[in-house]
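One letter stands for each residue in the lines below.
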Amino acid sequence: MTTNRARIRAALIASVALAVPAAVQGAPAFAKTDTPVTVTCGEYISSSITLANDLTCTGLALGINADGVTVNLNGHVITGDGHGAAIVLAPDPNNQNQYEISNVTVTNGTIQNFADAVYFAQAVNPTLSKLTLINDAADNSPVLDTQPGGMTHGLVLTHSSILDTSGLITYGTLEINSFTVSDSVISTGEFYFSQTVGGPTFTDDRFTDASVDLDIEGGATMTGNKFADSPVVDNDEGFGYDTFQNNTFTGTAMGTALTIANVLGPEQILDNTFSGNDVGLDVSGSLGDTVSGNTFTDNATAGVYFDDTTGAPPGEGQQPGAQLTVSENTATGNGKHPDGTLDPGNLPVEGGIYLYLPNGGATVTGNHTAHNGGYGIYALPSLGGVYYNTTSGNVSTGDYGKCYPLGVCTYN
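Basis of the calculations
- Residues numbered from 1 in each chain as written.
- Predicted model: local features only at pLDDT ≥ 70, side-chain atom pairs only at ≥ 80, totals over all residues.
- Heavy atoms only, no water.
- Disulfide = S-S within 2.5 Å.
- Buried < 20%, exposed > 50% of the residue type's maximum accessible area, 1.4 Å probe, protein only.
- Phe/Tyr/Trp six-rings, centres within 6.5 Å; stacked < 30°, edge-to-face > 60°.
- Helix = DSSP H or I, 4+ residues; strand = E, 2+ residues; numbered from the N terminus.
- Pairing = 2+ DSSP bridges.
- Axes fitted to C-alpha atoms, helices over the stretch in contact; angles between N-to-C directions.

1. Focus on the state of the cysteines
Reasoning step 1: Under the counting rule described, the total for this entry stands at two disulfides.
Reasoning step 2: Cysteine 403 shares a disulfide with cysteine 409; S-S distance 2.1 Å. Taking the torsion about the S-S bond as the criterion, the cysteine 403 to cysteine 409 disulfide, at about -75°, is left-handed.
Reasoning step 3: The class of cysteine 403 is buried, set by a relative accessible area of 2%.
Reasoning step 4: On the basis of relative accessibility, which here comes to 6%, the residue cysteine 409 falls in the buried class.
Reasoning step 5: Each bonded cysteine in the chain gets a number by its place in the sequence, and the pairs come out as 1-2, 3-4.

2. Regarding the packing of aromatic side chains
Reasoning step 1: Under the defined criterion, the tally for this structure stands at 17 aromatic pairs.
Reasoning step 2: Residues phenylalanine 249 and phenylalanine 274 carry aromatic rings whose centres are separated by 4.8 Å and whose planes lie at 5° to one another, so their mutual orientation is stacked. Of this pair, phenylalanine 249 sits in strand 27 (residues 248-250) while phenylalanine 274 sits in strand 30 (residues 273-275), placing them 25 residues apart in sequence.
Reasoning step 3: Note on tyrosine 354 and tyrosine 378: the rings are 4.3 Å apart at their centroids and 5° apart in plane angle, and the pair reads as stacked. Separated by 24 residues along the polypeptide, tyrosine 354 in strand 37 (residues 351-356) and tyrosine 378 in strand 40 (residues 375-379) bring together distant segments of the chain.

3. Looking at the pairing of strand 42 (residues 394-397)
Reasoning step 1: Two strands pair when backbone bridges link them, and strand 39 (residues 368-370) and strand 42 are joined in this way by three bridges, in the parallel orientation. The residue of strand 42 that forms the bridge with threonine 369 is serine 396.
Reasoning step 2: Strand direction decides the pairing type here: strand 42 and strand 43 (residues 409-411), joined by three bridges, are parallel. Its bridge partner being in strand 43, valine 395 is matched across the sheet by threonine 410.

4. A word on the environment of aspartate 308
Reasoning step 1: Along the polypeptide, aspartate 308 turns up in the loop between strand 34 (302-307) and strand 35 (324-327).
Reasoning step 2: Placed 46 residues apart in sequence, aspartate 308 and asparagine 262 show a C-alpha to C-alpha distance of 9.7 Å.

5. Some thoughts on the sheet that holds strand 31 (residues 279-284)
One key point about sheets: their strands pair by backbone hydrogen bonds, in either a parallel or an antiparallel sense.
Reasoning step 1: Reading across the sheet, the nine strands line up as 16-19-22-25-28-31-34-37-40 and stay open at both edges, with parallel pairing between neighbours. The sheet is open, and its two borders are formed by strand 16 (168-172) and strand 40, each paired with just one other strand. Strand-to-strand, the axes of this sheet are offset by a mean angle of 5°, without reference to chain direction.
Reasoning step 2: Of the strand pairs in this sheet, strand 16 and strand 19 (residues 190-194) are connected by four bridges, and their pairing is parallel. By the bridge assignment, glycine 172 is partnered in strand 19 with phenylalanine 193.

Have a look at this one:
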């Protein structure tokens, strides 16, 4: 009787065969060598090599089908014709005992003008490092293609650049288990994730005119990144428990730098800087979040706009758990050029920290606001409910509308 494992193996072989030209599936492998090796388009590699030449290919450039292989591009350039994959990481379809490949590294070179820079099929712990990926082709395929239906575990992109990409960098769904990007430069393009396992991690990356879309995600971590006109959206009933810390969000003049909407678990927004955006941080339908230690400067409409009408979360007796904690933030010069957005009560949103909380339950403490248009802090009190906001230690200096209610702040 055919086992499930055998059926999976057969499906994998079929999928790889479709992705890789038949003429190269049986191509001889290179022996391992420390001497640079001249390669040709369509070669399959099963031992570590260092390239001796550039490549210009129609379709597949190189395939890797063995564990532990390092392909050192040695500073060379691989150029495509706008179609196919530059590098394919996939099990050898002629090896019936191979279900995945692991610990492959591609490093030190440039890949340009392919539909996919790298195509993954059943890859475990692949690492891409010191690469420049340029000019993604017009084909509607991600730069890093993780092949829905397969599995990619532990993908790492580090010390690399992705430039001039008009479409998707990733389209990651259930087939990704852990994806880490670090110390890299992203100029244009979109990272899209939906229901991946473990949530993506971005650390010390620089984004320009790019975006990150976390759709039904959970456990994402973004730390120490710089986002210039590069919005991040975390929405659509994501699982939550995401952390955004020590990032800089600037220059999203026509929209919101960080949007969190309809997320189930509490979010941590800590020690970030938001400046020169329309709205720095926009949160709606997300309970239990902490917004602490952030700096909001010169955002046209608001530094923070929090809108929740769903009700405070359960707590002890009649006191809810924290619907929202806003503490130790600084908001200066926001709300001076509002875009006309109205809150659900039809009042204009403008100011430093704008909280529309008709059900109460927020803790707003230790914030400092100065010279904002509109309000320094607007904290709509509970409208006839049993939950109330807790406020203390907030200081307003020169804000046009002071704070609302007035007792939310003391004044210099």
